[in-house]
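Letter by letter, the chains look like this.
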Amino acid sequence: MSYTVLVFVKQVPDTQNISGDAMTPEGTVNRAALPAIFNPEDLNALELALQLKDRYGARVVVATMGMPAAAEVLRQSLYRGADEAVLVTDRALAGADTLATSYTLSCCAKKIGKVDLILCGRQAIDGDTAQVGPQIAEKLKMPQICYVEEVVEVGNGRIVARRAIDGGYEVLEAPLPALLTVIDANDPRPMNAKRIMKYKRARTPSEVAKAHPNANYTDGQTVDDELKALAANGLLIHEYNASDIGADPSRIGFPGSPTKVKQVMSVVLTASEAKSVPATAEGINLLIHELISDHTLG
Amino acid sequence: MANFFKDNSDLVFTLNNLELEEIADLREENYKFASEFENAPTNFADALDNYNRVLSVVGEICGDRIEPRSRTVDAEGPKFADGVVTYHPLTVQNLKDLTQAGVMGVMLDHKFGGLNFPVSVYTMMTEMVSRADGSLQNIFGLQDIAETINFFGSDEQREKYLPKFASGEYDGSMDLTEPDFGSDLQSVRLRAWQDEKTGQWYLNGMKRFITNGCAKVHLVLARSEEGTTDGRGLSMFICEACPQLVVRRIENKLGIHGVATTELQYNDVPAQLCGKRRFGLIKYVMSLMNGARVAISGQAVGIAEAAYREARKYASERIQFKKSIDQFPAIYDMLSLMKVKLTAARALLYETTRVVDLRNGYTHLVEHGGDAVTAEDRARQKYYNKVAAVLTPMCKALATEMVNQIAYDAIQIHGGTGFMKDFNAERFYRDARITNIYEGTTQLQIVAAIGGVIQRDNDQRIAELAGLGYTGKLARLRDKVMALHARQLEAVKFVAERKDPAYHDLMARSLVEMETYIFVGLLLLRDAMKCEAREAIAERFVLDSIPEFEKRFMRVVSGDVTLIDNNRDIIDY
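For clarity, every value in this text was computed on a predicted model and none was experimentally measured. (Residues numbered from 1 in each chain as written. Chains lettered and ligands numbered in written order. Predicted model: local features only at pLDDT ≥ 70, side-chain atom pairs only at ≥ 80, totals over all residues.)

### Observations concerning the overall build of chain A
Of regular secondary structure, chain A possesses 8 helices and 11 strands. Buried residues in chain A amount to 39% of all 298 residues. For chain A, restricting intrachain contacts to residue pairs at least 6 apart in sequence, the fraction spanning at least 24 positions comes to 70%. (Helix = DSSP H or I, 4+ residues; strand = E, 2+ residues; numbered from the N terminus. Buried ≥ 20, exposed ≤ 12 C-beta atoms within 10 Å, placed from the backbone. Contact = placed C-beta atoms within 7 Å.)

Written as C-alpha cells, this is what we have:
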C-alpha cells in the first residue's frame, strides 16, 4: 500500500553563517541581514520521507507556515522529491510562539486530510525549542517518537523507528498515524536537475496574483487561467489562510501566544588559553601536526 | 557551505557571456520539446536560467560534499580482489549524490531522460567536479560514452543504453589502449570475430590502462577485418561486463587515485557492432577522443583552480619577515602569472566548447533537418567542424600544460610545507600530471592542431575578434596582438614554403603555441571589453605573450636544421 507522509518545514534565518551585522544594536536578530534558508533538520525530515517514498511508495506532502516568501522552501522540497506543497500564510499568524504555531499546523494537518505519518525536524535553528513537533502530536492525539535517526520499517499499520537517547539509541514501535521528529542523522539528497527545471515554475496563488499587479476584470480572468494551468500541470502550491484551515482566531498568532520575550542577549564565549595534550605518542603527533598547520613549526 | 559555481566569478561570467543563445536554439530545436517534456525550456532565457540553477546545485555538491571527501579518497582509493574492483565508499557516495542530482546524462536528449544541455555547460560541471576531486571526473566524465552511442549507435542501442546512462544505472569505459599500442592506435590488435551462423561478434585480446574498466558498458576498439594492419581494419563494439571480460589488475598510479585504471582480458566476450565496420578508429574513436579531450581540458582547468586557490590562500596567511608572503614581488609575480594562465586556459576552453556545440548543433540540423536545411546551414556545419578540429587540440595542449605549471608553482609557494602529504598542494601536482598524457599527449595535440594552423583555419574568428569595437587601452593591446598575427602569417609561410617535413614537425609546437597566444589574447580582450575588472588580466596576458611569441618566432624563421642532423650526437654523448 502507499502511504501519505506530511512533512512540516520552516524557512529560517541562516544563524549558522553569521555575518557582522547579524544583531541589531538593540540586541535582536537582524533578519534582513541573514539569508533565509531551509531549516537544516527539516531537510532531514524531508529526506526520511523521501526514503520511505523510495522504499514503500508514498505521497509526500510538504507544508509550512510562514510569510509568502516561504514558498521558496516548498519549491526546494519539490526539487528534492516532494509531490505536493502547502503554504499556510496570514498576517493574523504573525508573532506565534510554539503553542500557537503547533495549533495552526495541527489545523493545517486536519485540512490536508488523512495522513499516515507526520514528520518534523527536531527543532528550528532560530528558536531551538524542539516543542512544535510534540505539541502537534498532542493536539492531533497521535503517538509521537522524538529524535528519530531512522525508520526501521513500516507495515501492518505500525511504524518501527530508531531514536537517539543519551549514550545510545532505542527502537520504538507506534501505531499509525504517528508523528516523528527527526535529527541530523541522514544525508539529505541534493536537489534534482530535472525537478528543478520543472518545479521552478511552481507558484502559490498569491505569487500568481502578484505577477499581475494591476488586477482588473481581464487580469482576473488571466490569473484564473494561469492557476488552472498550474493545477493541471501539478505546479500549483496550495495556499491557505487562517480561516481556510478553520483556526480559532484567539488561538493563533500574537493573541494565541502566551510566551513573551523578556530580553535577548548577545553572549560572547571567551576561549580558554590553556590546552592539555595527552602524554601519548598519538597526542604528541596530533600536536605536532597542529603546529605545522598553523605554521608555528616548519 | 561552499559553492564551486557561485564562488567562481570567472565561471559565472563565462556562462552568462558565452552567447549560448544560438546553441540553445539549435539544441532545443527552437524549443519544440517544451510541449512534450515538462522540464524542457520554452525559450533561451528559460534555458539559461536552467543552466544557472543546475550549475549552482552541482557547485554546492562539489563544494560541500565531494571536496571534503577527496583527501580520504586519494589516500585509500579503490580496492581490487578476486577480479572485482570495489570503489571507495566515499567515491560511491559521490556518485550517488551526482546521480540523485540527475546529472549523469547531462547532454543526452530529453527523450532518453537527459537534460539536453550543451557541451559548454557540461564542461563547467566537469571543471567543478575536478576542482573538488580530480579523480572523480574520470568516472563522471564517462558520460561521453553515452554521447558516442547517441551519435553513432543504432536506434535499438540508443533505447537500450541511453536511459540507463541518464539514470546513473550504467557507467561506461572506453577501451582503446593496448599493451603495445597507445598513441599508435591504428595498430590495435584486439580481435573481433563473427560467428558465421549466428552473426554474433566476439572479442578476444588485451587492453591496458583502461579508466573505470570495471564499468557495466564498454566501447571497444577492435580489429574486425582479418589481415589488415592499419586504422581502416578497426571497428567499434559495445560489450557489457560479463564473466568472459576479466579485470586482471588495477594500476598503482602517481595520481587520480580515486578511479580504477585497469588491465582487461577479453576471452571471447560477446559484443555488438556500433556504427559501421571499418569506421571504428577513423570516425567514431576520433569523435569520442575529441569529446574526451575537451573533458580533460575541463579537468585540467578544475585542478588548476583548486591549486591556485590553495596557493593564494597560503600566501595570504603565511607570515615571513613580519608580512604575508604574497606582498613580496617574487610571490605576487607567481600568483599573478598563475591566475592569468588559469583565466587564459578557461577562456580558450569555453571558446572551444562553444564551437563544438555549434558544430554539433549544425551537424544535427543538417542530418535531420530534411528540406528545411539551407546552404548556409551546411556551410556553417563545415566551418565549425573545421574550427573545432583545430581548437580542441590547441585547448588541450594549453590547459593541460598550464595545470602542471600551476600545480608546480602552488607547491613552490607553499615551500617545504607543500612537499608534505598533510597539504593538498602535492595531490594537485600528482593529479595534474596525467592530464597532458592521456587522451593524446601534448606532442600528439600539436600533431592534430598544426594542420589547421598552417591552413589558417582560425583566421576568420581572429578577424571577428579583432574587429570588436575596442577603444583606448584595449585597442592598443588589440593592435599589439594583431602585430603578432602578422608575424605568425610570416612564420607559417616560412615553414610551408620550405616543404621539409622534418622541419615542419620540429617547429610545429612553436607555431601552435604562437597561434594560441594570439587567439587567447583576443578572447581575453573581448571579455575585458564586457567587464572592466578583467582588463588587468587581459593586459598582463598580452604583454607577457610578446616575448614568448618572439622567442618562438626567432626559432621558427631561423631555418636552423642542425638539430635534425645532430640530435643523436647530443642524445647519445
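The rest of the description comes next.
### A few points about the environment of Arg526(B)
All names here are of chain B. Residue placement: Arg526 occurs in helix H16 (residues 501–530). Take Arg526: there are 21 C-beta atoms within 10 Å of it, and that puts it in the buried class. The spacing of Arg526 and Glu156 is 370 residues in sequence and 45 Å in space, taken between C-alpha atoms. Each residue touching Arg526, except ones within four places of it in the same chain, is listed here: Leu465 and Leu468.

### Let's talk about the confidence of the model for chain B
Predicted confidence across chain B gives a mean pLDDT of 96, with 100% of residues reaching 70 or more. For this predicted complex, the interface confidence score (ipTM) comes to 0.91, while the overall pTM stands at 0.92. (pLDDT = per-residue confidence, 0-100.)

### With respect to the domain arrangement of chain B
Residue and element names in this part refer to chain B. Under the domain assignment used here, chain B contains domain 1 (1–141), domain 2 (172–278), domain 3 (279–455) and domain 4 (458–568). The C-alpha centroid of domain 4 is placed 18 Å from the C-alpha centroid of domain 3. Facing the 19 residues of domain 3 at the interface are 17 residues of domain 4. Looking at the side of domain 3 that touches domain 4, the elements with two or more residues in it are helix H10 (329–368), helix H11 (375–414) and helix H13 (442–454). No other element matches the 8 residues that H10 contributes to the side of domain 3 that touches domain 4. (Domains from an automatic or database assignment.)

### Focus on the interface of chain A and chain B
Chain A puts 17 residues into the contact, and the matching count from chain B is 18 residues. Elements represented by at least two residues in the side of chain A that touches chain B include exactly helix H5 (193–199) and helix H8 (281–293) of chain A.

### Things to note about unusual backbone geometry
For the bond running from Leu176(A) to Pro177(A), omega is -5°, close enough to zero to count as cis. With respect to the secondary-structure elements, Pro177(A) resides in the loop between strand E9 (168–175) and strand E10 (178–182).

### Quick notes on the nonpolar core
Nonpolar side chains tend to gather and get buried jointly when the protein is soluble and globular. Formed by 243 residues in total, the largest nonpolar core has its most connected members in Val7(A), Leu119(A), Val58(B), Phe237(B), Ala304(B), Ala307(B) and Leu511(B). Examining the composition of this core, we find that 19 residues originate from one element, helix H9 (residues 280–317) of chain B, more than from any other. With residues near it in sequence (within four places) discarded, Ala307(B) still touches Ile406(B), Ala407(B), Ala410(B), Ala425(B) and Phe428(B). (Core = buried A, V, L, I, M, F, W, Y, C linked by C-beta atoms within 7 Å.)

### Quick look at helix H5 (residues 119–132) of chain B
An ideal rise of 1.5 Å per residue puts 20 Å on 14 residues; H5(B) measures up with 20 Å between its terminal C-alpha atoms. Most of H5(B) sits out of view: 14 of its 14 residues are buried. (Expected span 1.5 Å × (residues − 1).)

### A short note on the sheet that holds E9(A)
Residues and elements named next belong to chain A. In spatial order, the strands read E9-E8-E7-E10-E6-E1-E4-E5-E11; together these 9 strands make up an open sheet with mixed pairing. Edge positions in the sheet fall to E9 and strand E11 (238–240), since each of these pairs with one other strand and no more. Adjacent strand axes in the sheet meet at a mean angle of 30°, parallel and antiparallel pairs treated alike. Relative to strand E6 (residues 117–121), strand E1 (residues 3–9) runs parallel, the two being bridged by 4 bridges. Within E6, the residue paired with Val5 across the bridge is Leu117. Along the sheet, helix H3 (residues 98–112) makes contact with E1, strand E4 (58–65), strand E5 (84–88), E6 and E11, crossing E4 at roughly 145°. (Pairing = 2+ DSSP bridges. Axes fitted to C-alpha atoms, helices over the stretch in contact; angles between N-to-C directions.)

### With respect to the environment of Leu288(B)
For Leu288(B), the location among the structural elements is in helix H9. We classify Leu288(B) as buried; it has 23 C-beta atoms within 10 Å.

### Points about H16(B)
Taking 1.5 Å per residue as the helical rise, H16(B) with its 30 residues ought to reach 44 Å, and the 43 Å between its terminal C-alpha atoms agrees with that figure. Of all the bends found along H16(B), the most pronounced is centred on Ala508(B) and spans about 45°. (Bend = angle between axes of the 7 residues up to and from the residue.)

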